[in-house]
Every structure is written in structure tokens, then in C-alpha cells.
Amino acid sequence: MIELGNEEYHAELVHDEDTGSVTIYVLNAAATEQIPIESTEVTINVKHDGKPEQFKLAASPDANDPQGKSSRFVSTDAELGEHLDEEGADPKLVLTINGKSFRGTITHDHDHEGHDHE
């Protein structure tokens, strides 16, 4: 779970290792429901070999999202998924919600044992 602002919002990152896709869901403060935002993309900044790299995730609206807004953002760049797992990548999510810029640290949980990814 990625905290945005002073827990004003949260985001959830889902990495599908089979397809290499990375999906970000924008969630409310309690992280209980998706929040559609007006952005057409969000950015993940990572460090790779000490150099900053940027990946854009395009809006991919969920069925319930209103016209012109999206609570889901997707990247099919397999390189992003690989970088998220690297030591020292220090990934950050950057997005704008209602005109306000947010930056959240993506913490990667390396404990894949015992998790069922449905």
C-alpha cells in the first residue's frame, strides 16, 4: 500500500509477473474504495544502476469509473516490473489528484511465499 499525502489517499500496486504488467489503483484515505482521478497517466520513478528512470502508466478506466476519469493506471513495460524488484530502486509514485501533486514511496514486499495472487 502506497501512502499519498498525509494518508489523504492511498494507491495499490499490483505486479503481474506472468504478463509483466504493473497496475496502480488509486484508493481513498481508508484504502477501501477506488477513487477515479482526472489524470491520463501517473508516473513511477525508479533508480536503475544509480540513474533515475521514469515510467508512465496510462489511464485504463475501470468499468465503474465516470467518463474522463480513471482509478486504474497500467504499464505493460516489463522493464518497470523488473526494476521494482531491484535493490536500491527506491520507487516513487507521482500523480496529481484534484490539482494537487502527490508523491508516494512504493514499498516492495519481497515475501511472495504463501500469497495467492488471484
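Residues numbered from 1 in each chain as written. Predicted model: local features only at pLDDT ≥ 70, side-chain atom pairs only at ≥ 80, totals over all residues. Heavy atoms only, no water.

Chemist: Looking at this structure, how should I read the pattern of salt bridges?
Modeler: Applying the stated criterion to the full structure yields 5 salt bridges. Measuring nitrogen to oxygen at the nearest pair gives 3.2 Å for the salt bridge that ties arginine 72 to aspartate 62. Of the two residues, arginine 72 sits in strand E6 (residues 72–75) while aspartate 62 sits in the loop between strand E5 (51–59) and E6, which places them 10 residues apart along the sequence. Classification of arginine 72 by relative accessible area gives partly exposed; the value is 22%. Salt bridges sharing partners connect three or more residues here, namely Lys47, Asp90 and Lys92. (Salt bridge = Lys/Arg side-chain N within 4 Å of Asp/Glu carboxyl O. Helix = DSSP H or I, 4+ residues; strand = E, 2+ residues; numbered from the N terminus. Buried < 20%, exposed > 50% of the residue type's maximum accessible area, 1.4 Å probe, protein only.)

Chemist: So what exactly am I meant to see when it comes to unusual backbone geometry here?
Modeler: Of all residues except glycine, most have a negative phi; of all peptide bonds, most are trans. Even without glycine at this site, glutamate 7 takes up a positive phi of about 55°. Among the structural elements, glutamate 7 can be located in the loop between strand E1 (2–4) and strand E2 (9–16). One non-glycine residue with positive phi stands out, namely aspartate 90, at about 45°. Along the chain, aspartate 90 falls in the loop between helix H1 (78–84) and strand E7 (92–97). Since its relative accessible area comes to 35%, aspartate 90 is described here as partly exposed.

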